Amino acid sequence: AQSVSQHNHHVILSEAASLELGCNYSYGGTVNLFWYVQYPGQHLQLLLKYFSGDPLVKGIKGFEAEFIKSKFSFNLRKPSVQWSDTAEYFCAVNAHAAGNKLTFGGGTRVLVKP
Amino acid sequence: DTGVSQDPRHKITKRGQNVTFRCDPISEHNRLYWYRQTLGQGPEFLTYFQNEAQLEKSRLLSDRFSAERPKGSFSTLEIQRTEQGDSAMYLCASMVAGANYGYTFGSGTRLTVV
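In this report, the structure presented in the accompanying data block is examined. (Residues numbered from 1 in each chain as written. Chains lettered and ligands numbered in written order. Predicted model: local features only at pLDDT ≥ 70, side-chain atom pairs only at ≥ 80, totals over all residues. Heavy atoms only, no water.)

### A closer look at the overall build of chain B
Stated formally: Only DSSP runs of H or I reaching four residues or more are called helices, and only runs of E reaching two or more are called strands; each is numbered from the N terminus. In this description, contact between two residues means that some pair of their heavy atoms is separated by no more than 4.5 Å. Computed by Shrake-Rupley with a 1.4 Å probe, the accessible areas treat only the displayed protein chains as cover when residues are assessed. Residues scored as charged are limited to Lys and Arg (positive) and Asp and Glu (negative), so that His and the chain ends carry no count. Throughout, a charge is located at the NZ atom of Lys, the CZ atom of Arg, the CG atom of Asp or the CD atom of Glu.
Check the secondary structure of chain B and you find zero helices and 11 strands. Walking chain B from its N terminus toward its C terminus, one meets helices and strands in the order β-β-β-β-β-β-β-β-β-β-β. Its C-alpha atoms give chain B principal-axis dimensions of roughly 40 × 25 × 25 Å. Within chain B, contacts between residues at least 6 apart in sequence are counted, and of these 53% link residues at least 24 apart. Summed over all atoms, the accessible surface of chain B reaches about 5700 Å², with 43% contributed by carbon and sulfur. Treating the 14 positive side-chain charges of chain B as one cloud and the 12 negative ones as another, the clouds have centres 5 Å apart.

Quick look at the structure:
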């Protein structure tokens with residue numbers, strides 16, 4: 001069975017700072033990878049996804065993530081955060097044989113101070 | 001609203017009572033998923049349907065839990081004899097099987113068992 005680890009539970013940073021959230025997964029086969037975001041009081045929204053091809057994927061709101069297969073990682077980055085990026089971020093993995101079932105990491109709460 | 005709808009948004013129930021939640025997916029989505037999210041954790045897979053067929057159930061889904069999708073459209077999740085440990089956010093998501101994108105999540109039903 002696959003598992004997902006997000007290294008940071010809480011991140012606090014100031015506006016314009018750069019953000020990088022770590023995500024590692026354990027599964028030996030082919031996977032699809034996702035980052036979801038949950039803004040305060042809102043539902044989970046897809047930020048970006050990797051299925052195949054270019055391992056550097058760009059998502060909404062200036063976010064990007066890089067899939068490094070050899071490291072089983074899919075880290076999320078944003079060069080300059082805004083106060084509106086305050087949210088909880090979840091990394092998720094879907095093994096190709098798993099019927100689109102997602103395994104989520106525990107989430108990282110990001111607080112951006114104005 | 002053409003998103004995934006969940007009802008009710010909040011439910012407070014006494015221990016031992018039965019509760020039922022409803023999910024209305026996006027109309028053309030044939031796959032429907034239920035997840036549970038407890039405080040400080042990422043969502044955990046419970047079960048999923050393709051049309052009216054329930055294709056997989058997690059071991060988290062004890063005998064007290066049952067889910068249905070009788071006509072391949074809306075789904076219900078019932079918890080019998082609720083326990084305090086059932087307190088969580090219950091999330092529904094939908095997608096088209098085989099589509100190259102992530103789920104669309106609903107806003108969830110927050111269950112509090114007192």
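More follows now that the structure is in view.
### A few points about the interface of chain B and chain A
Interfaces are often described in size by the accessible area the parts lose on coming together. For clarity, the threshold we go by: A simple way to read buried area is as the amount of 1.4 Å-probe accessible surface that goes missing from two parts once joined, with both sides added. What counts as a salt bridge is simple: a side-chain nitrogen of Lys or Arg found within 4 Å of a carboxyl oxygen of Asp or Glu. Each residue gets one label: Ala, Val, Leu, Ile, Met, Phe, Trp, Tyr, Cys and Pro are nonpolar, Asp, Glu, Lys and Arg are charged, and the others, such as Gly, are polar.
On the side of chain A, 17 residues touch chain B, which itself brings 22 residues to the contact. When chain B packs against chain A, close to 1500 Å² is buried across both sides, 53% of that on carbon and sulfur atoms. Area buried by chain B at its contact with chain A is led by Pro43(B), Asn100(B) and Phe105(B), which between them contribute 29% of it. On the surface where chain B and chain A come into contact, there are one salt bridge. Residue Glu56(B) is joined to Lys101(A) by a salt bridge in which the shortest nitrogen-to-oxygen separation is 2.7 Å. Counting residues per element, the ones that place at least two in the side of chain B that touches chain A are β4 (31-37), β5 (44-50) and β9 (88-95) of chain B. Residue contributions to the side of chain B that touches chain A peak at four residues, all from β4(B). Per-class residue counts for the side of chain B that touches chain A are 11 nonpolar, nine polar and two charged.

### Remarks on the pairing of strand β4 (residues 23-26) of chain A
All names here are of chain A. Defined as follows: When a residue's accessible area, from a 1.4 Å probe over protein chains only, is under 20% of the maximum for its type it is buried; when over 50% it is exposed; and in between it is partly exposed. Strands are treated as partners if at least two bridges between them are detected by DSSP.
The side-chain alternation of β4 yields one buried face, formed by Cys23 and Tyr25, and one unburied face, formed by Asn24 and Ser26. Note that strand β1 (residues 3-6) and β4 share four bridges and pair antiparallel. Its bridge partner lying in β4, Ser5 is registered against Asn24.

### Observations concerning the sheet that holds strand β7 (residues 65-68) of chain B
Residues and elements named next belong to chain B. To keep things clear, this is the line we draw: Lines fitted to C-alpha atoms define the axes, with helix axes restricted to the stretch in contact, and inter-axis angles between N-to-C directions lie between 0 and 180 degrees.
With respect to topology, four strands assemble into an open sheet ordered β1-β3-β8-β7, the strand pairing being antiparallel. With one partner strand each, in any of the chains shown, β1 (5-7) and β7 form the two edges of the open sheet. The sheet shows a mean angle of 15° between the axes of neighbouring strands, taken without regard to direction. Bridge count for β1 against strand β3 (residues 19-24) is three bridges, and the pairing is antiparallel. Along β3, the bridge assignment pairs Asp7 with Arg22.

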